[in-house]
Amino acid sequence: MVTTIETLSLGDARRLLAAAEAKAAQIEVPSNIAVVDAGGNLLAFARMDGAWLGSIDIAIHKAFTARAFDMPTEVLAGMAEPGKPLFGIQNTNHDRIVIFAGGVPIKIGDTVIGAIGSSGGTVDQDSQVVEAALAAFEEERSRHGQFAEA
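A brief look at the structure comes next. This one's a predicted model, so the numbers in the text were calculated from it and none came from an experiment.

### Some words on the overall build of the chain
Move 1: Looking only at helices and strands, the chain features 4 helices and 4 strands.
Move 2: Going residue by residue from the N terminus, the α and β elements of the chain occur as α-β-β-α-α-β-β-α.
Move 3: The C-alpha atoms of the chain give 15 Å as radius of gyration, which agrees with the globular expectation for 150 residues (15 Å, within 12%).
Move 4: C-alpha atoms of the chain, sized along the principal axes, occupy 45 × 45 × 20 Å.
Move 5: Considering the chain as a whole, with its 150 residues, one finds that 44% of them fall into the buried category.
Move 6: Total accessible area computed for the chain in this model is approximately 7800 Å², and 53% of it derives from carbon and sulfur atoms.
Move 7: Averaged over its 11 positive side-chain charges, the chain has a centre that lies 2 Å from the centre of its 19 negative ones.

Shown next as structure tokens:
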């Protein structure tokens, strides 16, 4: 049996980046923003002028983490606290797991089709950036049924 996997397109990723960049500019936080596909592979990346070099890998890893576990990194953080069932998970997957806010999966219904991660501000600011991108994605899908092709 052949399985079809839904995933973000490059056009989707570019629009997600644009929405995230607009929010980062609005809150005046130069950010690194990464979008991964359904397989957790980097699809698109933007480093805004002035964004920290040290945040490049963090943004990419936040997106990977959100897709690898199909949950916001903020939720995973609560499960990874000392005494919790996933304590130490950030030391797995060749240190690609990030357990603080700023990464969210992107879904169509219950199907995860990719994820986005942002780093450059506080975790609250990073969350605002990815949530703005997610809201733009959902709004566009509700208007047109999907993002239009690039």
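### Some details on the side chain of Asp126
Move 1: When you line up the elements, Asp126 lands in helix α4 (residues 123–144).
Move 2: Apart from residues lying up to four places away in sequence, Asp126 is in contact with Lys62, Ala101, Gly102, Ser118, Ser119, Gly120 and Gly121.

### Quick word on the packing of aromatic side chains
Two aromatic rings are characterised by how far apart their centres lie and by the angle between their planes.
Move 1: All told, the structure shown has 0 aromatic pairs when counted by the stated rule.
Move 2: Here the basic side chain of Arg96 rests over the ring of Phe64, its NZ or CZ set 3.6 Å away from the ring centre.

### Remarks on the side chain of Lys62
Move 1: With respect to the secondary-structure elements, Lys62 resides in helix α2 (residues 56–69).
Move 2: When its relative accessible area of 0% is taken as the criterion, Lys62 is described as buried.

### As for the pairing of strand β1 (residues 32–37)
Move 1: In terms of residue burial, β1 counts as a mostly covered element, since 6 of its 6 residues are buried.
Move 2: Note: β1 against strand β2 (residues 42–47), 5 bridges, orientation antiparallel. Bridged to Val35 within β2 is Ala44.
Move 3: Hairpin geometry of β1 and β2 is characterised by an intervening segment of 4 residues between the two adjacent antiparallel strands and by a positive phi of about 85° at Gly40.
Move 4: Pairing between β1 and strand β4 (residues 111–119): 6 bridges, direction antiparallel. Opposite Asp37, over in β4, you have Gly114 as the bridge partner.

Procedures and definitions
- Residues numbered from 1 in each chain as written.
- Predicted model: local features only at pLDDT ≥ 70, side-chain atom pairs only at ≥ 80, totals over all residues.
- Heavy atoms only, no water.
- Helix = DSSP H or I, 4+ residues; strand = E, 2+ residues; numbered from the N terminus.
- Rg over C-alpha atoms; globule rule 2.2 N^0.38 Å.
- Buried < 20%, exposed > 50% of the residue type's maximum accessible area, 1.4 Å probe, protein only.
- Areas by Shrake-Rupley, 256 points an atom, 1.4 Å probe, with all protein chains shown as cover.
- Lys, Arg positive; Asp, Glu negative; His and termini not counted.
- Charge placed at Lys NZ, Arg CZ, Asp CG, Glu CD.
- Contact = heavy atoms within 4.5 Å.
- Phe/Tyr/Trp six-rings, centres within 6.5 Å; stacked < 30°, edge-to-face > 60°.
- Lys NZ or Arg CZ within 6 Å of the ring centre and 35° of its normal.
- Pairing = 2+ DSSP bridges.

So yeah, pure geometry; function would need other evidence.
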